[in-house]
Each structure stands twice: as C-alpha cells, then as structure tokens.
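Remarks on the overall topology
Here is how the chains run, residue by residue.
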Amino acid sequence: MNYRFVVDPSLCTGCRTCELACAFSHSKNLKPGKSRIYPLSHAKDKYVPVTCLQCNDAACVKSCFFDALKRNEETGAIELNLGRCVKCRACVAACPFGCALIDDIHDEIVKCDLCKGDPACAHFCPTKALRYTRLPI
Amino acid sequence: MVTIYINGKAVQAKEDEMVLTAIRREGINIPTLCNHDAIEPCGACRLCMVEITKKDWNGWKKHVTSCLYPVEPELMVSTHTPQVLELRRTILELYLARNPNSSVIQKLAEEHGITSTPYEIIPDGDNCIMCYACTRICDALGCHAISAVERGHEKVIAGPLNQPPIDCIGCLSCAHICPTNFIEWKDSDGRRSIWGREFELLTCKTCGKKTITRDFAEYLSKNRDLPMSYFETCDDCKRLDTAKTMGRLVVMAAEVAK
C-alpha cells in the first residue's frame, strides 16, 4: 500500500474522460461497463470526481455477509469477488458515499478496484486531477 | 500443496481444496447448478460428477461429485470419459422429467445433446430442482427463514409449516442465487413481495427512489453495527452529497491557503 489514488477537485474540468476510460476498461462481452467514477457538479462549473474512498473501516465490507468484498493488501483497494456476490445490494445501500454501484447492463454490483493497481482514469485525466502517486516514505 | 492429475495433466492443488475448485482453475468446463462460492458445497445437483482413481486401486474406478471430494495426493481425475458424460446425460434426463418447463434445464440438456427424456414427465412441474442453494444462502446470512418442508415427492422449499416465513427480511439473496430462477418476487408501489410475505421498501428522502427493505436495513444495522442513517438516502443522492461536501472542503482549503 505504498500508493495512493489522489483526487484534486480544483483541477477537474468535468470533461468526463475518466468516466469513459473507466467504462471501457471495465467492458465485458464487447459492452462497456458502468463507470466507477462520477465527476459530479456541486456548483456552477465546479466538479468533483466522486469515486470509492477505499475506507479503512468500510461500511461495504461490514455489510457483506458473504465476504465478497475484501481489501487487496497490495493496492489498498477493496475488491469485489463476483463469484461470492449474490447481488443482495447491502453494500449499495450501506455505503455512506454512494460508491458501490449497480451495473444494470451486466446485472452485477461494481465498485472501484483501482484497476488492480493501475487506474485507467488517472492515465487519461488531461488535467491530472486524478493521480496515482507513490507515498513519500 | 498436493499433486493431482486432471485428465492426465499434473496439477498443484491446496490441501483443503475440493476437486471441483482445482478443475475449474484449470479452465475445464464442468456444468453445475447448485455450486456457488458464497455457500458450502453440498453435492445436490450431481452434475459435477467425475471419475477418480489411484495407482494402487488396481484399476478400480469411482464416480464422485467433485464439489464434495477433497483433493488427495496422486488422485487421478477424468472429467469427460464416456461413462461420466452418460451419467451427466442421465441426470439431465431426470431433470427434464421433473422440471420440463425450466429454460435453464432445457438449455443445459441441449448442450449435452438431449432433447427428450425417457422418464415420465411431471406436466405441471415447477422450476425447483431441490438444490438447497436458497436455504444454504439464508443460513449463511443468519436468517434461517426458509427450509424444506413436507417429505417425499411433496417436499417443497418454504417457510416453517409451509407458511410465509416470519424470519425473512426480503433481501432477495435466495432469488438471486437460485440457478433455475424458481423463486418469484415482485417490487411494486414501494412494497416487495416474496415467499408470500410483503415488505416495505425504504424510500430515499431526497429523490424518492426505492432501495432495500426496511427489515433488511434493520437487520444490517443490528448485526453489522451500521447506523440506520446510512440507509435513508439512495446511492445517487449519497454520491451527490459526497461531491457537495468535497466541494466545500476544496473551497475551505483554498481560503486557508490564502
């Protein structure tokens, strides 16, 4: 866990490139998946890219009865094991930040997994509002 | 680690693993209906049958459900021998007789080259294959709301005494895990009906979107130490709230920096 996903809303222009990058990098059966990141406007021309905060004491992990959500100690991301998920939507209802999502097209629950340690959105963000940086140790 | 042989190929497997897990990891496709990672295997659907043997068994072979058979050193597993395929076809023919209207069974049978069954068909047969996936997931959840009731050919999955289950919380885990989509449920007018019971769906206080049932939210808050306030708004509104809060923090940080 030497890396952190850094979101700097002051640099975000709301271009939504991150959404496209996320949806296409998570495509399945030639269909783009649901984006795990949402640049939402909270005031005129002011955007905040909202994505999973990978909380330490995460409500989604607590709410899952089947241990489908587990932290990947290497990347620090809470990953969803779809094989164990029964789509009860407890995590979607429990997340206080609304970052566990329902993908209606593929009929599954999705959440940000930091692309297994190489987030596509950070690669594509033109203003570098999203970064994946090494922590100073 | 243990070395087993799957179709003649040496494969490393963990000691407490079942044969099916090792087979699946090798990318070999074996049909299953009752198997799910979230619940313990119980070998109910019988479709994961494989043939096993060992060097010191002097040519003796045995057919076992791979989901329940733990790996042993030097175990030789064959997944697609003519006998195993014949076994699987017979099981599917029995399913076709019991569940003639199930599209999942029909599709699986077609994949194995079966279109008709020599057994007597139950014309009004439902889609339930008695795999107990629903009762096992309910037990894993800690609710124990549904189980098998009655005996013999009258056996059905239902609440205690074949009445609407009082312990059900309307989470739909059983409906989603059911391999043949037998369990019926409906959401309408802010109410959810399943197993003959009605549940109130929570309404988002900002946008009015329906989320999970009140019983499920209360169950989560009681057993998993989550405040009920987490369940008051829907995920879309919570996300917007997060954006607003973070936006405020950015403005405050900028003012402090000045």
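Keep in mind that what you see is a predicted model, and the values were worked out from it rather than measured.

Topic: the overall build of chain A
Of the regular secondary structure elements, chain A holds four helices and eight strands. If you list the helices and strands of chain A from N to C, you get β-α-β-β-α-β-β-α-β-β-α-β. In terms of overall size, chain A behaves like a compact globule, its C-alpha atoms giving a radius of gyration of 15 Å where 137 residues would be expected to give roughly 14 Å. Each principal axis of the C-alpha distribution contributes one length, and for chain A these read about 40 × 40 × 30 Å. Every one of the 137 residues in chain A was classed for burial, and the buried ones make up 49%. As displayed, chain A offers around 6900 Å² of accessible surface, 54% of which is attributable to carbon and sulfur atoms.

Focus: the environment of I183 of chain B
Residues and elements named next belong to chain B. For I183, the location among the structural elements is in the loop between α5 (173–177) and β8 (185–188). Separated by 49 residues in the primary sequence, I183 and C134 place their C-alpha atoms 8.8 Å from one another. Leave out the neighbours within four places in its chain, and I183 touches C134, C174, A175, C178, I194 and W195.

Quick word on the sheet that holds strand β1 (residues 2–6) of chain B
All names here are of chain B. Strand order in the open sheet made by the five strands is β2-β1-β5-β3-β4, with mixed pairing throughout. Every interior strand has two partners, whereas the edge strands, β2 (9–13) and β4 (62–65), have only one. Looking at each pair of strands side by side, their axes are set apart by 40° on average, direction ignored. Sheet topology note: the β1/β2 ladder contains five bridges and is antiparallel. The partner of T3 across the bridge, within β2, is Q12. In the packing of helix α2 (residues 82–98) onto the sheet, contacts are made with β3 (49–53), β4 and β5 (76–78), and the angle to β3 comes to roughly 150°.

Section: the pairing of β3 of chain B
Residues and elements named next belong to chain B. Within β3, five of the five residues are buried, which leaves it mostly tucked inside the rest of the structure. Here β3 shows two buried faces, one formed by M49, E51 and T53 and the other by V50 and I52. With four bridges connecting them, β3 and β4 associate as antiparallel partners. Each residue of the ladder has a partner; that of V50, found in β4, is V64. Looking at chain direction, β3 and β5 are connected through three bridges and run antiparallel. In the sheet register, T53 faces β5, and the bridge partner there is M76.

Let's talk about the interface of chain B and chain A
Listed as interface residues are 29 residues of chain B and, on the opposing side, 32 residues of chain A. A combined buried area of about 2800 Å² lies between chain B and chain A, and 69% of that area is made up of carbon and sulfur atoms. Among the residues chain B hides against chain A, the three largest losses belong to R224, K238 and R239 of chain B. Together they make up 22% of the total. Inspection of the region where chain B meets chain A yields zero salt bridges. In this structure, the connection of chain B to chain A is made through nine residue pairs in polar contact (both at pLDDT 80 or more). Taken together, the elements giving at least two residues each to the side of chain B that touches chain A come down to α4 (133–141), α5, α6 (214–223) and α7 (235–257) of chain B. With 10 residues, α7 of chain B is the single largest residue contributor to the side of chain B that touches chain A.

Observations concerning the state of the cysteines
All names here are of chain B. Under the defined criterion, the tally for this structure stands at zero disulfides over all chains. The thiol of C34 is not disulfide-bonded; the next cysteine sulfur, from C45, is found 3.8 Å away. Overall, C34 belongs to the buried group, its relative accessible area being 5%. The structure places no disulfide on C234, whose sulfur is separated from the nearest cysteine sulfur, that of C207, by 3.4 Å.

What counts, and where the lines are drawn
- Residues numbered from 1 in each chain as written.
- Chains lettered and ligands numbered in written order.
- Predicted model: local features only at pLDDT ≥ 70, side-chain atom pairs only at ≥ 80, totals over all residues.
- Heavy atoms only, no water.
- Helix = DSSP H or I, 4+ residues; strand = E, 2+ residues; numbered from the N terminus.
- Rg over C-alpha atoms; globule rule 2.2 N^0.38 Å.
- Buried < 20%, exposed > 50% of the residue type's maximum accessible area, 1.4 Å probe, protein only.
- Areas by Shrake-Rupley, 256 points an atom, 1.4 Å probe, with all protein chains shown as cover.
- Contact = heavy atoms within 4.5 Å.
- Pairing = 2+ DSSP bridges.
- Axes fitted to C-alpha atoms, helices over the stretch in contact; angles between N-to-C directions.
- Buried area = accessible area lost by both parts, 1.4 Å probe.
- Salt bridge = Lys/Arg side-chain N within 4 Å of Asp/Glu carboxyl O.
- Polar contact = N/O pair within 3.5 Å; in protein donor to acceptor, adjacent residues only side chain to side chain.
- Disulfide = S-S within 2.5 Å.

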